[in-house]
Amino acid sequence: MLRRIMGSITKQVPIPKNGVDYRGKIVLAPMVRSGECPSRLIALKYGADLVWGPETIDKAMIGTTRTFNEQTKTVDFSRLSSNGSKNPLINPDQKESIIYRLHPEREGKRLIYQIGTADPETAVEAASLVAKYVAGIDVNAGCPKPFSTTGGMGAALLKTPEKLCSILRALVKEVGEPNEIGISVKIRLLDTPEETQSLVRQLCATGITGLTLHCRTTPMRPRERAIRAQLKIVADTCHEAGVACLMNGDVTSRDEAYKLMEEYGVDGAMIATAAETNPSCFRAEADGGIASWEEAVKEYVKISMEVENRWGNTKYLLGQMIPGKQPAYKAMTRTKSYGELVEALGWGKEPELAELAKKTDEALEIGAFEKPKLTKAERKKLNKESAKLAAQSNETNGSQEGKEAAQVVGQKRSAETAELEMPADAAREMGPATVPEKASVLAV
Ligand SMILES: Cc1cc2nc3c(=O)[nH]c(=O)nc-3n(C[C@H](O)[C@H](O)[C@H](O)COP(=O)(O)O)c2cc1C
C-alpha cells in the first residue's frame, strides 16, 4: 500500500482490521505502576489518541483467570495470591491479585498491550489471552532494569536481535494475524546510528506495523536529555518498510509533539513522565491546554474510584501528580482510604464524590470497611482446617473439587467476579488493563 506524506509517496504496511494505525497519534507510554487502568482512562479523557498498558510479563499473565467485573465494567486477569499463607489455595486471607485490568467500553480499540518476554512461545501464549480485547501487542525491548534484562527481556533483547525478531515473527503470525491486530516493538538507541539502523531494518522485516524509538541508550538514566540525532534515520528506515515510527523521550505536550514530528519526520509521539505528572498534556492548547494539577487530580481520583483502583496505586500516582510543596500533598500522604482522601482534599461536601468514595472503600475493604486481620493463632488454625478439607476432597473427588471446596472456605469469589464469556465481537468493540504490585515493581 502506498500513501502520500508531505508531498512524497511512501510505502505503508496494511493495518489489520481490528488494529490501529500509529500514524498521526500522540500516545500514552507504557508505564509500570503509572499506566494502570485509571491513568489510561484519564489520558484518553484529555485527548490521548492511544494508550499503552504497563509492561506485563508473559509468565505473569499465563495461568490467570479472566473475569468480568459487573461493578467496574472491567475485564480482569487475575490470580490468587497467598499473602504468606502456607496453603495459598484455600486460605480465606488470600486475595485475587489483578495482573491486568482493562476497561473494554472506555478504552475500546485504543489500548495496546505491552508484553515483557524473552521467548516466542510464552509470548504467544500470554498475548493470545488479551488479543481480542486490545488493538495491538507491543514488545518491550527497552527496559534497562536488571529484573528484565537478567531474564533476557527488555533491553537485553537489543543484544539478541535474532531472538527479538523471532518473538515478533511468532506474534505476527500466531496472534496478530488470527486476531487481525498489529504487533509493534519499543526499542532504545544503540551506540551508533549504523547499529540502530541495522537493528531497525531487521525488526521492520518481521511483519510489525509500528516501532517506537525511546531516544536514549540503555545505560542512560531518565533524567539525561533524550538524544534525537538518530531519529530521522530511524524514521526513514521504518518508512522504507512502510512501518509507522513513534518517537519517545522528553516530549511534554501535544503541541510540542506535533512540532517534533514535523522536525524529525516521525509519524507520532509517545509521552511518559509528563503524562504521569499531568495527563492533560494530551490536550492541545487550542482546546484548553494543560489543566491545573487540582483539576487533573480530581478527575483522576474520580476515575480511580469508578474502576475501584487499588488504593496503593492511586496514592502512588497522586504522589506524582500533586506538587510536593502543596499542603494537599502532605494531607494526601496521611490518608488510608478514598473516604479519607476526599475529606483531606476538601471535597467531602460534594455528595456524589463522598458517596462514590464510600462505595469504593466498601468494595476494596479499606478505611472504615477494613476487615480485622487474622491473628497468627487464627491463621494457623484455619490453615490446619483447610488443609484437612482439601486432603479429604482430593482423596475422594480429585483435585478440582478440592479446589472448589477450598473456595467455599475462601468465600472470596462471588457472582461479581464470575467468569466472563463475552461475545468476541462485543469484546472487540470495547477495549483493555493493570499489573500486580509485585510484577509492577519488578518490571519497571
Ligand atoms: C514510572 C515509569 C514506568 C515505566 N514503565 C515502562 C514499561 O512498562 N515499559 C516500557 O517500555 N517503558 C517503560 N517506561 C519508560 C517510558 O515508557 C518511556 O520510554 C520513558 O519514560 C521516556 O519517555 P519520557 O521522556 O516521556 O518520560 C517507564 C517509565 C516510567 C517513568
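Not measured: the values here are computed from a predicted model.

Now for the overall build of the protein. Assigned secondary structure in the protein consists of 19 helices and 14 strands. Across the 444 residues that make up the protein, the buried fraction comes to 46%. In the protein, the proportion of contacts linking residues at least 24 apart, taken out of those at least 6 apart, comes to 68%.

Turning next to the site of the ligand. For the ligand, the set of nearby residues contains 26 residues, the closest of which are A29, M31, E55, A272 and T273. If you tally residues by element for the shell around the ligand, the top one is helix α10 (residues 273-277), at 3 residues.

Another aspect to go through is the nonpolar core. Counting residues in each nonpolar core, the largest one holds 109 residues, and the members touching the most others are A127 and L211. If one sorts the elements of this core by residue count, helix α6 (residues 161-179) sits on top with 7 residues.

Turning to the packing of helix α4 (residues 120-130) against α6, a few remarks are in order. Closest axis-to-axis distance for the α4/α6 pair is 9 Å, and the angle between their directions is 40 degrees. As far as their axial angle goes, α6 and α4 are oblique. As α4 packs across α6, the resulting crossing turns out to be right-handed. For the pair formed by α4 and α6, the contact residues are P120, A123, V124, A127 and S128 on the first element and S166, I167, A170, L171, E174 and V175 on the second. Classifying every residue of the contact of α4 with α6 gives 8 nonpolar, 2 polar and 1 charged.

Okay, the packing of helix α1 (residues 37-45) against helix α11 (residues 293-306) next. It is at 9 Å that the axes of α1 and α11 come closest, and there the two elements cross at 130 degrees. One way to sum up the angle between α1 and α11 is to call them oblique. For α1 against α11, the interelement crossing comes out right-handed. Taken together, the residues of α11 that come into contact with α1 (itself represented by P38, L41, I42 and K45) are E299, Y300, I303 and S304.

Here we come to the sheet that holds strand β8 (residues 95-102). Strand order in this open sheet of 3 strands is β6-β7-β8, and the pairing throughout is antiparallel. The two strands at the open ends of the sheet, each matched to only one other strand, are β6 (65-69) and β8. Taken over all neighbouring pairs, the strand axes of this sheet differ in orientation by 40 degrees on average, direction set aside. Pairing of strand β7 (residues 74-81) with β8 involves 7 bridges; the strand directions are antiparallel. Residue pairing for β8: V75 is matched across the bridge by L102.

Moving on, we come to α1. Across the 9 residues of α1, 8 count as buried, placing the element largely inside the fold. Regarding α1, the residues found buried are C37, P38, S39, R40, L41, I42, A43 and L44. At the C-terminal side of α1, G47 shows a positive phi close to 110 degrees.

Further remarks concern the confidence of the model for the protein. Averaged over all residues, the pLDDT of the protein is 86; the fraction at 70 or higher stands at 83%. A low-confidence stretch, residues 398-444 stays under pLDDT 50, and its non-local contacts, those more than four residues away or across chains, total 111 contacts.

What follows covers the environment of E362. Inspection of the secondary structure assignment puts E362 in helix α15 (residues 351-364). What makes E362 partly exposed here is the crowd of 15 C-beta atoms within 10 Å. Sequence separation of E362 and Y338 is 24 residues, and the distance between their C-alpha atoms is 9.9 Å.

Counting buried residues along strand β13 (residues 244-248), 5 of its 5 residues qualify, which places the element largely inside the surrounding structure. Because side chains alternate across β13, one face comprises the buried residues A244, L246 and N248, and the other comprises C245 and M247, equally buried. As judged from the 5 bridges shared by strand β12 (residues 210-217) and β13, these two strands associate in the parallel manner. Each residue of the ladder has a partner; that of T212, found in β13, is L246. For the crossover from β12 across helix α8 (residues 231-241) to β13, the handedness is right-handed. Where β13 and strand β14 (residues 268-271) come together, 3 bridges link them in parallel fashion. Within β14, the residue paired with M247 across the bridge is A269. With helix α9 (residues 254-264) bridging β13 and its parallel neighbour β14, the resulting β-α-β unit is right-handed.

Thresholds applied
Residues numbered from 1 in each chain as written. Predicted model: local features only at pLDDT ≥ 70, side-chain atom pairs only at ≥ 80, totals over all residues. Helix = DSSP H or I, 4+ residues; strand = E, 2+ residues; numbered from the N terminus. Buried ≥ 20, exposed ≤ 12 C-beta atoms within 10 Å, placed from the backbone. Contact = placed C-beta atoms within 7 Å. Near = placed C-beta within 6 Å. Core = buried A, V, L, I, M, F, W, Y, C linked by C-beta atoms within 7 Å. Axes fitted to C-alpha atoms, helices over the stretch in contact; angles between N-to-C directions. Parallel < 35°, antiparallel > 145°, perpendicular 65-115°, else oblique. Left-handed = near helix turned anticlockwise from the far one by under 90°. Nonpolar A, V, L, I, M, F, W, Y, C, P; charged D, E, K, R; others polar. Pairing = 2+ DSSP bridges. pLDDT = per-residue confidence, 0-100. Right-handed = clockwise from strand over helix to strand, strands pointing away.

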